[in-house]
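A closer look at the structure
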Amino acid sequence: MANLPVNKTAHPFDKARFEALLNRRFFYAPAFEIYGGVAGLYDYGPPGSSLQSNIIAEWRRHFIVEEHMLEVDTTVMTPAPVFETSGHVARFADWMVKDLKTGEVLRADHLVGNVLEARLAGDKEARGLAAQPAKEDDKKKKKKDKAKAAPVKLSDEQVVEYETILAQLDNYSGPELGALCKKHNITNPDTGNEVSEPQQFNLMFASSIGPTGQHPGFLRPETAQGHFLNFSRLLEFNNGRVPFASAQIGRSFRNEISPRAGLLRVREFTMAEIEHFVDPEDKRHERFADVRAVALDLLDRDTQAAGSTRVTRMTIGDAVDKGVVANETLGYFLARINQFLLKIGIDPARLRFRQHMANEMAHYATDCWDAEIQNSYGWTECVGCADRAAYDLSVHSAKTGHPLVVRQALKEPIVTEKLVAEFNKRTFGQTFGKDSAVIQTLVGGLDEALLAKLQGELAQGSTTVTSSDGREFKLTPDLLTIEKKTFKQSIREFTPNVIEPSFGLGRILYVLLEHSFWSREQDVERGVLSLPAVVAPTKVLIVPLSAKTEFDPLVREVSTKLRKAGVFSRVDDSNTSIGKRYARNDELGTPYGLTLDFASVQNRTMTLRERDTTGQLIGSIDEVIDTVIELVSGSIDWAEACRRLPAYDGVQAVE
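It should be emphasised that the depicted structure is a prediction, and the values quoted were computed from it without experimental measurement.

Let's talk about the nonpolar core
- By size, the foremost hydrophobic cluster in this structure holds 64 residues, and its most contacted members are Trp59, Leu341 and Phe503.
- Once residues within four sequence positions are removed from consideration, Phe503 is found in contact with Trp59, Phe63, Thr270, Met271, Ala272, Ile274, Ile337, Phe340, Cys382, Val383 and Ile508.
- Core analysis: the next-biggest nonpolar cluster, separate from the first, contains 25 residues, Leu594, Leu596, Leu617 and Val628 among them.

Set out below in structure tokens:
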């Protein structure tokens, strides 16, 4: 009875009920709400803050602790020259269009995607293929109908064309998006008005540092630059060795064009980023064998270019061996990202890894994959994982003159022989005067083959070199000698490449809440968040059946023992019925409940309730506490708990 199967799909996902639960339980809410709010800014309430903290704590364990990463915490405010050098000032932008009558600003790729998806949904409805939508109140329905295309049947050719466009939407440039708007008569869905040609809009928030305004700066749109600028110190901390990884969790800011999707598109958010520095000539990973058998759903760029979004199920070992994923280190992190997302509760059936297409990938990147998670808004990028090559360290080094390189002692020195030109400085300067430097540069720039040619001609008596302006200079053996010399290299100097996994924690939090939400089969109004214990805001609810003072010592005892074990618990001693108290905490995602009744006072027994099944077990207070501690830590599951403790029959054993 305590471990009965649960039907979580008895009712279709109801977004209105889901959002009402999040609002009622204050997971998050619009910031500055009593002033009218600001789009794209949100405040987290107690359960939302705890959920985010628990996701971060698990992220830190999964990556920083297990992978021995070096954690940093760098500044949000960044001087403008940093982002000018990195390319953000010139290229960190999205394409926007304006409603030609109202002036409303829309992001161009989202407009095209939303309109075409709505038309395809209307086509399905017209063909009788779409399920009937759940009933909504009239006010919400009217608002939604404005943005929804009328259910018009499309031709088969139009369906294929729209699906092809959507499959490669991220690959279109601004002018191409504008052409799509014209060709397919795409207008502002809220007004029906035409939109302007797409224009680029830089997403960084500009500011200034200091009172004079002479030092422009930006709020960082990502945490990455702080890693790169501190590379030399990190390398020294790691005893001068690569590979190593730095990690950072912190706030970033993007001035989004039209943030309309709740936590999925915001202007201030928390990121967790890793910069893994690796030898460009050796991108193997020492722990790749541990994840080689991990299977992922991959959507590669060739499939997208062909107009399809069909994923291929493949082990990461095969993906690297076949060249689908560029190298072992990138593949290792894709597998580790997958493991992390599943551990915190993401539905594996709604998770895929999509490879960036040519036009959307940064010009310097070798390969890039996004972990995309399906939700009520569609497929959303929640984690990006890119091989950024040596771009960032190279440009900052060139700009500042500070060498951001690794100097590696070679086990075996490399001995090479090559031709070297040596000038007789005294006679050379007397002969050529101010042209000496020009000739030396000319000869110094010759490759091995041309130097050998000059060497042969000098052996015959003389040779001639020609400057860029056509002047010829005659060289003789008394001015120049070319000889083969031996060189011994014991130090190798190189700029490391960077593999960067980047996590949008707010997006992960939102899709996790969606994936966790369901309604009880017997009562659609009883919503549940099936959050895993590892991230649940509260792990254990303590419910005293009575407010009588004789219960106080037991409540204190149980709370203290859980607290000492590091298990976060709450006491609900409100006047409402025990059923309502449990229902309220099911909505908060609390996985376990402990009930103290009159039998607890007499016999020191206590019941243990599991959230999803609502099954209850009974045992001594100490037995139940030991069991729930192991459940929360993940060392046992509910099935094992049912084997340890007897089921509770609902009758208090009191005299």
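Details of the layout of surface pockets
- Here the second largest pocket is characterised by a volume of approximately 830 Å³.
- Around the second largest pocket sit 38 residues that line it, and Ser530, Leu531, Pro532, Ala533 and Arg611 are the ones nearest its centre.
- With four residues, helix H2 (residues 46–65) is the largest single contributor of residues to the lining of the second largest pocket.
- When residues of the lining of the second largest pocket are assigned to domains, at least three map to each of domain 1 (15–75 + 220–393 + 497–506) and domain 4 (538–644).

Regarding empty space enclosed by the protein
- What the rule picks out here adds up to two cavities of 30 Å³ or more.
- Surrounding the largest cavity, Tyr42, Tyr44, Gln52, Arg251, Leu263, Val266, Glu268, Phe269, Thr270 and Gly506 form its lining.
- The set of elements that each furnish at least two residues to the lining of the largest cavity consists of strand E2 (42–44) and strand E11 (268–278).
- When its residues are assigned to classes, the lining of the largest cavity shows five nonpolar, three polar and two charged.
- In this structure, the second largest cavity spans a volume of roughly 30 Å³.
- In terms of lining, the second largest cavity is formed by Leu541, Tyr582, Asn585, Asp586, Thr590, Tyr592, Gly593 and Arg609.
- Those elements that place two or more of their residues in the lining of the second largest cavity are helix H21 (578–587) and strand E26 (592–596).
- Tallying contributions element by element places H21 first for the lining of the second largest cavity, with three residues.
- Residues belonging to the lining of the second largest cavity are distributed by class as follows: three nonpolar, three polar and two charged.

Here's the deal with the sheet that holds strand E13 (residues 312–315)
- Spatially, nine strands are ordered E3-E10-E11-E21-E16-E15-E14-E12-E13 in an open sheet, and the strand pairing comes out mixed. Because the sheet does not close on itself, it has two edges, and the strands there are strand E3 (70–71) and E13.
- Across five bridges, strand E16 (residues 378–387) lies against strand E21 (residues 497–504) in antiparallel orientation. Among the inter-strand pairings, Val383 is bridged to a residue of E21, identified as Phe503.
- Packed onto the sheet, helix H14 (residues 328–343) meets E11, strand E12 (295–299), strand E14 (351–355), strand E15 (367–375), E16 and E21 and runs at close to 145° relative to E16.

Structural notes on the pairing of strand E22 (residues 517–520)
- Bridging between E22 and strand E23 (residues 523–529) involves four bridges; their strand directions are antiparallel. When the bridges of E23 are listed, Ser519 appears paired with Gly527.
- Between the antiparallel neighbours E22 and E23 lie two residues.

What to know about the sheet that holds strand E28 (residues 616–620)
- Pairing is mixed across the open sheet formed by five strands, whose spatial order is E25-E24-E26-E27-E28. The two strands at the open ends of the sheet, each matched to only one other strand, are strand E25 (569–571) and E28. Strand-to-strand twist across the sheet, computed as the mean angle between neighbouring axes with direction ignored, equals 25°.
- Relative to strand E27 (residues 605–610), E26 runs antiparallel, the two sharing four bridges. Considered in E27, the bridge of Tyr592 is made with Glu610.

Notes on the domain arrangement of the chain
- Split by domain assignment, the chain resolves into domain 1 (15–75 + 220–393 + 497–506), domain 2 (93–202), domain 3 (409–494) and domain 4 (538–644).
- Using only C-alpha atoms to locate each centre, domain 1 and domain 4 end up separated by 36 Å.
- On the domain 4 side, the residues contacting the six residues of domain 1 number four residues.
- Across the interface of domain 1 and domain 4, roughly 480 Å² is buried in total on both sides, 50% from carbon and sulfur atoms.
- Where domain 1 packs against domain 4, one counts two salt bridges.
- Counting the contacts that link domain 1 with domain 4 gives two residue pairs in polar contact (both at pLDDT 80 or more).
- Listing elements by their share of the side of domain 1 that touches domain 4, those giving two or more residues are helix H1 (15–24) and H2.

Brief notes about the packing of helix H5 (residues 108–126) against helix H8 (residues 174–183)
- Two elements in contact, H5 and H8, have axes separated by 10 Å at closest approach and are oriented at 35°. Where H5 crosses over H8, the two elements pack in a sense that is left-handed. Taken together, the residues of H8 that come into contact with H5 (itself represented by Ala108, Asp109, Leu111 and Val112) are Leu177, Leu180 and Cys181.

Conventions and cut-offs
- Residues numbered from 1 in each chain as written.
- Predicted model: local features only at pLDDT ≥ 70, side-chain atom pairs only at ≥ 80, totals over all residues.
- Heavy atoms only, no water.
- Core = buried A, V, L, I, M, F, W, Y, C linked by side-chain atoms within 4.5 Å.
- Buried < 20%, exposed > 50% of the residue type's maximum accessible area, 1.4 Å probe, protein only.
- Contact = heavy atoms within 4.5 Å.
- 1 Å grid on protein atoms, 1.4 Å probe; cavity = no way out; pocket = protein on both sides within 12 Å on 5 of 7 lines; lining within 4 Å.
- Points joined across faces, edges and corners; volume = space filled by probe spheres on them.
- Helix = DSSP H or I, 4+ residues; strand = E, 2+ residues; numbered from the N terminus.
- Domains from an automatic or database assignment.
- Nonpolar A, V, L, I, M, F, W, Y, C, P; charged D, E, K, R; others polar.
- Pairing = 2+ DSSP bridges.
- Axes fitted to C-alpha atoms, helices over the stretch in contact; angles between N-to-C directions.
- Buried area = accessible area lost by both parts, 1.4 Å probe.
- Salt bridge = Lys/Arg side-chain N within 4 Å of Asp/Glu carboxyl O.
- Polar contact = N/O pair within 3.5 Å; in protein donor to acceptor, adjacent residues only side chain to side chain.
- Left-handed = near helix turned anticlockwise from the far one by under 90°.

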